[in-house]
Amino acid sequence: MLEILYQDQHLIAINKPSGLLVHKSFYSGEADTYAIQELRKQIGQKVYPVHRLDRKTSGVLLFTLDKDTLRMMSTQFEEKKVEKKYIAILRGWAKEEETIDYDLVNENEVKQNSITHYRRLQTSEIDLPFLKHQTSRYSLVEATPHTGRFHQLRKHFKHILHPILGCRKHGCNKQNKLWLQTFGISKMTLHAHQLSFNHPLTNERITVNATIDDEFKKVGDILGFDLKAYS
C-alpha cells in the first residue's frame, strides 16, 4: 500500500518509495509495477501525475484526479509557483549555502538553464578510510531546485564535486562500493521531503511533507546525523 500524504476531491499526494518508477519511460526502462498503476488500484480511480521523481528518489509525489486540475497544476509548475525541497547526503563538506547556476544538456542535446539553491544542515566525519584519506566526510543538505531538469540535483551536486551518496550515474562509484562493502548499503540518499503549492480551486497554500525511509535513517545513524525533523 502506498502512503497517502494528502487527498481531496481534486488532488492526491503519496510518499513514493525509492525504487518505484512513476510510469513507463523510455529512459527508465521496464518494471513490474509503477506508482501510477498502484495508486489507481489502491483508490479505485484514475490519477494523473503532475511531476516526476527519479526511480531511486523517494518522497512527495503529486497527482491530480481529473484533467482540468492537471492543467492548472501544470501551469503552476511551469510558472515556478511550486516549491520543492529535498534532503540529500553528499560526499565531502559542502559550503554552508550556495546557488548552483549551471546549464544542463537534455536528452536532445539542448542546453537548458538550470538553477539549484542548497543550504548545509549538518556535517559528519567518520573513521572510514578512502583513497589517501584516513576518514570520510559527508554533508546533509536541503536543496531547492528552481528549475526542473532531468536528474538536475544529481548532476548539479556532481558538478560542485559533492556527489550524492549512493547515486550511481552521477555519483562517486568508489564511495558507493565502499558503503556497500562496509555497511551493506546501496541507498541513494536523495529524498523529496516537502512540496508547497497553491490549491488550484481554493488558492489555499498547501504544504505536504514526506518522512524518510528506514534505509535513509540507517545512513543517517552511521553518520550521526539528527534526522528527527524528517522521520
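Details of the structure are given in the entry above.
All figures in this text were calculated on a predicted structure; none of them were measured in a lab. Position numbers for residues count from 1 along each chain, tracking the sequence in the order it is written. Selection of residues for local features in this predicted model requires a pLDDT of at least 70, selection of side-chain atom pairs for listing and counting requires 80 or more, and totals for whole chains, interfaces and linings are taken over all residues. Think of the side-chain values as coming from all heavy atoms in the structure, minus any hydrogens and water.

**Some details on the overall build of the protein chain**
No. 1: Strands here mean DSSP runs of E at least two residues long; helices mean DSSP runs of H or I at least four residues long; both are numbered from the N terminus. Assigned secondary structure in the protein chain consists of five helices and twelve strands.
No. 2: Put simply, the radius of gyration uses C-alpha atoms, and a globule should come to 2.2 Å times the residue count raised to 0.38. In terms of overall size, the protein chain behaves like a compact globule, its C-alpha atoms giving a radius of gyration of 18 Å where 231 residues would be expected to give roughly 17 Å.
No. 3: Here the C-alpha coordinates of the protein chain stretch approximately 55 × 35 × 35 Å along the principal axes.
No. 4: A burial count over the protein chain gives 47% of its 231 residues as buried. To sort residues, take the accessible area from a 1.4 Å probe on protein chains only and compare it with the maximum for the residue type: under 20% means buried, over 50% means exposed, and anything in between is partly exposed.

**A look at the side chain of N106**
No. 1: Mapped onto the fold, N106 is located in the loop between β7 (104–105) and β8 (111–112).
No. 2: On the accessibility criterion, N106 (17% relative accessible area) is buried.
No. 3: For the purposes of these results, a polar contact is taken to be a pair of N or O atoms within 3.5 Å, where, inside protein, one atom must be able to donate a hydrogen and its partner to accept one; residues adjacent in sequence count only when each atom of the pair is a side-chain atom. A polar side-chain atom of N106 sits 2.9 Å from the main-chain amide nitrogen of N108.

**Some thoughts on the side chain of H162**
No. 1: Note on placement: H162 falls in the loop between α3 (152–159) and α4 (173–183).
No. 2: H162 sits in the buried class, given a relative accessible area of 16%.
No. 3: In terms of polar contacts, H162 uses its side chain to reach the backbone carbonyl oxygen of R91, at 2.8 Å.
No. 4: Among all residues touching H162, those that are not within four sequence positions of it are L90, R91, G92, W93, A94 and F157. For this analysis, residues touch if any pair of their heavy atoms sits within 4.5 Å.

**A look at the pattern of salt bridges**
No. 1: Here, a salt bridge means any Lys or Arg side-chain nitrogen found within 4 Å of an Asp or Glu carboxyl oxygen. Inspection of the entire model under this criterion finds eleven salt bridges.
No. 2: Between R71 and D68 there is a salt bridge, and its shortest N-O distance comes to 2.1 Å. A residue pair is termed a helical-turn pair when its members lie 3 or 4 positions apart in one helix, as R71 and D68 do in helix α2 (residues 67–78) at three residues.
No. 3: Accessibility expressed as a relative area gives 51% for R71, which makes it exposed.
No. 4: With its nearest N and O atoms 3.8 Å apart, the salt bridge here joins E98 to K95.

**Topic: the packing of aromatic side chains**
No. 1: Aromatic pairs are defined between Phe, Tyr and Trp rings, using the six-membered ring for Trp, whenever the two ring centres lie within 6.5 Å; interplanar angles under 30 degrees are classed as stacked, those over 60 as edge-to-face, and all others as tilted. One pass over the structure, following the stated rule, counts three aromatic pairs.
No. 2: Taken together, a centroid distance of 5.5 Å and an interplanar angle of 65 degrees make the contact between Y118 and F157 edge-to-face. Taken together, the positions of Y118 in strand β9 (residues 115–126) and F157 in helix α3 put the pair 39 residues apart, joining distant regions of the chain. Of the two residues, Y118 and F157, both sit in the buried class.

What is shown is where atoms sit, not what they do.
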